[in-house]
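# Structural overview
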Amino acid sequence: MAEKQLESTVRAAAYQKAWFAQLRADVFEKQKPYAIVQADMPLELFHAMDVPVVSNQWWAAMVSAKRLAPYYLDGLNALGYHDGLCRYCSLSLASTIAGDPAQAPWGGLPKPALLSARLTCDCIQRVFETWAAKFGSPFIPLDAPGASELPPRWWELSRHRWSELFESHRLDFMVAQFHSLIRTLEQITGSTFDVVRLRALMEGVNQQEQYFEEVRDMICRAPKTPVRMHEQMSNVMAAQWLRGSDWAIDHARAFRDEVKQRVEAGVAACGSERLRLMWVGAGLWHDTDFYTAFEEQYGAVFVWSMYLAFGPDGYIRYGLDDPLRALASRTVSFNEQLHNPPWASEWIVDQAKKHRIDAALVLEPLGTRPSATGNLFIERALEVAGIPVLPIVADMVDARSWNGLEMRQRVAKFLERV
Amino acid sequence: MGSTLKKIYTERAIKPPGSLPLVGVTSNTVPWELLQAAGFQPVLLSPRRDRTPIADRYMEDVFSARMKAIFDFLLSPESACLSAVVIPRTSEQEHKLYLYLREVMREGKERSPQPILYNLLHAHSPEAEAYGLERTRDLKMQLERLTGRQIEPEALSAAIAEGNAARQALRGLLELREGPAPRLTGSEALALIGAWYFMDRAEYAPLSQEARKEIQTRPPLKGPRILIKGSSQDTSDFCAAIEVHGAIVVAEDDWWGSRAAGQDIDTTLDPIRAIFEKYYFDAPSPRVFPSDIADAWFLRKASEVDGVIFYLPHEDDVIGWDYPRLRDFLDERRIPHVMLRTASSDEIGAFISRIQHG
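Residues numbered from 1 in each chain as written. Chains lettered and ligands numbered in written order. Predicted model: local features only at pLDDT ≥ 70, side-chain atom pairs only at ≥ 80, totals over all residues.

## Regarding the overall build of chain B
- Within chain B, the regular secondary structure consists of 14 helices and eight strands.
- Expected size for 358 residues packed as a compact globule is a radius of gyration near 21 Å; at 20 Å, chain B falls within 12% of this value.
- Its C-alpha atoms put chain B at 65 × 45 × 40 Å along the principal axes.
- Within chain B, buried positions represent 55% of all 358 residues.
- Counting contacts in chain B only where the partners sit at least 6 residues apart, residues at least 24 apart contribute 73% of the total. (Helix = DSSP H or I, 4+ residues; strand = E, 2+ residues; numbered from the N terminus. Rg over C-alpha atoms; globule rule 2.2 N^0.38 Å. Buried ≥ 20, exposed ≤ 12 C-beta atoms within 10 Å, placed from the backbone. Contact = placed C-beta atoms within 7 Å.)

## Focus: unusual backbone geometry
- With an omega dihedral of 0°, the bond running from Pro341(A) to Pro342(A) counts as a cis peptide bond.
- You can see Pro342(A) is positioned in the loop between α15 (334-338) and α16 (343-354).
- Cis geometry marks the peptide bond from Phe289(B) to Pro290(B), where omega comes out at 5°.
- Along the polypeptide, Pro290(B) turns up in the loop between α11 (271-281) and α12 (291-302).
- Positioned with a positive phi, Arg153(A) is a non-glycine residue whose angle comes to about 50°.
- Owing to 13 C-beta atoms within 10 Å, Arg153(A) belongs among the partly exposed residues under this scheme.

## Examining the sheet that holds strand β8 (residues 337-340) of chain B
All names here are of chain B.
- Strand order in this open sheet of four strands is β6-β5-β7-β8, and the pairing throughout is parallel. Because the sheet does not close on itself, it has two edges, and the strands there are β6 (248-252) and β8. Direction aside, the axes of adjacent strands within the sheet are offset by 25° on average.
- Taken together, the four bridges between strand β5 (residues 225-230) and β6 define a ladder with parallel strand orientation. When the bridges of β6 are listed, Leu-227 appears paired with Ala-251. (Pairing = 2+ DSSP bridges. Axes fitted to C-alpha atoms, helices over the stretch in contact; angles between N-to-C directions.)

## Topic: the sheet that holds strand β1 (residues 35-37) of chain A
Residues and elements named next belong to chain A.
- Strand order in the open sheet formed by four strands is β2-β1-β3-β4, and the pairing between neighbours is parallel. Only two strands of the sheet have a single neighbouring strand rather than two, namely β2 (53-55) and β4 (139-143). Adjacent strand axes in the sheet meet at a mean angle of 20°, parallel and antiparallel pairs treated alike.
- Judged from the three bridges that link them, β1 and β2 form a sheet pairing that is parallel. Pairing of Ala-35 across the sheet is with Val-53, part of β2.
- Together, β1 and β2 form the strand contacts of helix α3 (residues 56-65), whose direction differs from that of β2 by roughly 60°.
- Contacting β3 (114-119) and β4, helix α8 (residues 168-189) crosses the sheet at an angle of about 165° to β4.

## Things to note about the pairing of strand β7 (residues 359-364) of chain A
All names here are of chain A.
- In terms of residue burial, β7 counts as a mostly covered element, since six of its six residues are buried.
- Going residue by residue along β7, you find Ala-359, Leu-361 and Leu-363 tucked away on one face and Ala-360, Val-362 and Glu-364 tucked away on the opposite face as well.
- By the bridge criterion, four bridges tie strand β5 (residues 275-280) to β7 in an arrangement that is parallel. Residue pairing across strands places Trp-279 opposite Leu-361, the latter belonging to β7.

## Here we look at helix α9 (residues 201-216) of chain B
Residues and elements named next belong to chain B.
- The end-to-end C-alpha distance of α9 is 22 Å, a good match for the 22 Å that 16 residues give at a rise of 1.5 Å each.
- If you check which residues of α9 are buried, you get Arg-201, Tyr-204, Ala-205, Leu-207, Ser-208, Ala-211, Arg-212 and Ile-215.
- Buried residues along α9 sit against α1 (3-11), α2 (32-37), α7 (153-175) and α8 (186-194). (Expected span 1.5 Å × (residues − 1).)

## Quick word on the interface of chain B and chain A
- Contact residues are listed per partner, giving 40 residues for chain B and 38 residues for chain A.
- Secondary structure elements with two or more residues in the side of chain B that touches chain A: α5 (92-106), α6 (126-147) and α13 (323-332) of chain B.
- The greatest single-element share of the side of chain B that touches chain A, amounting to eight residues, is contributed by α5(B).
- Across the side of chain B that touches chain A, the residue classes break down as 18 nonpolar, seven polar and 15 charged. (Nonpolar A, V, L, I, M, F, W, Y, C, P; charged D, E, K, R; others polar.)

What follows is the structure in structure tokens.
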């Protein structure tokens, strides 16, 4: 595993481990509720009700990083779930079905008080319904109408003019569903939802994302990137899962400060940086060493992924008079912003230019099909902008068909051409 | 028998039949009655294409062959006869089809009929129901803007009556697949049923009734009665692959087959509400939630057949999640079943033989 250059990265990992241990203790010893949710859910509602949240994608990444995905996914297939089904969103379910706490990361997921997901793709309702049945917990879905108005340069509207950016009927509908979800959370916790608390939390999220924006700007401006991409991911996502909390804000600030110190001291993540790379798609969680494999020979450094970059543009919302509606605007269009034309391709090209990207690697996860759409538009837009693209056909969590050596050789050939 | 209907199903011709402008639809969940009342001739897009060179430039391999064929057709000169295409939020791929169409038009690289998104949701909740009704009203307004004239209540009532008459005729055909002695093969049924998506429903009803009368006089068919569950059957090829082994496909959990008609639209309600309720409560979609509602038809039908074939070809990434649950249901009731990823004649033959020989 690649060295951790930042103290923040070490602290983030330690905090996550301790946080999860505390969650398990609270669930087992104090019968406190917690929730398992999709990553694109309004986590803020759960936090405002003191219901800790485990993100499906975070847990899948954990399982994959522990090299357990082949074992769990083979088990799922053996039960009759065929091997063409999506893996990223089902790996955590597979770990629950396997039900072996001794093998599972950090003792495994305890029984949640509820599971919840936005119904974006057609399979996620099935994954979560199956999972909820396995746990014997309720599943609360939020349905997801499609976007039909997509104004250009969404990231220039999303902070202040979010009510114009997203169709009002979609926001109204999401808010109506939020009220239903809140009623469920109130029943589970016995507490009453407090909109003032949600507003304060949303303001905290803004603060946190502003720190991340400063980091992003420093990466753009510094002669060489001060922080490797996979360390960006670790720091950002540890905070995003707890966004708006005191720890998350403090961590974002500390991360910003550490990166700032490195920039001021002229410290680069890779002193021999010659090529700046962009990683488009979810993280390659089973082989994160891949991200540093091209530094020594080619001076090729991954400087951009969506994880840091999306924080400021996707999450900041100013004008919190109606925090539920602002939260709805944060929630309704993740899929369009990150995956689908025109929003994803337009934003990624803009980010590539700002980050002085020399080449892009685009993950094509054929084992997680909904995440693979929009890629041809993204690849073409990057190429039109003069940025060479290498598609990487691989799954983000499933290492079963991954040949790390072969893929590194392919990338090396690509970099030689770049 | 029903040769006209079979020809229409096979040819899937998309050309102006007369004075009415054509509007394409991509699924069973676009309200035919609204389009008809607006003065359009609705036609389902399901072109047969061996190659999809235009679509391949934009659509990743994760899209189904049918969705690629629709996209390819819409970007080809053949689609010039369409005034618009209405795409429902009935599957994730359809929403992406809508976004892709908009984008290639925005880029100015391709031409396509105007895409209209019908944001019908399928999760059963008070919020989704209220939203769907509102979006149905919005679709009506969009169609009115397209034609420049209001949809009159009389036109809506007439379209509902016409659609219901075709549904009744269609259910008449489906009766010939019921019971211990069906008279209609699955291969033939898919053609006779599927034609109604590609033609005027006022014409469909009498042709369907005529076909029914002829088929009724046939002797009953013999062979194990099979229910198909899985990816949509937009051709009769898979049915034929089963029936060549002496079995009879008597039902498909599929909008192309047994579930094409469903119940009539309620004529006692406000027409827009009635139309919405039909497509929200009584139209199959991969997004119907929760599963006990989505599964209800299958669970009932499975107890009326001799065996179930799950067909989950390699492009499936949805129904495969349902398979273990439904398989367990069948096992509990000792209903024979098999799951196939390809139309393997050997596997089908072995399964049919297993049913025949107990």
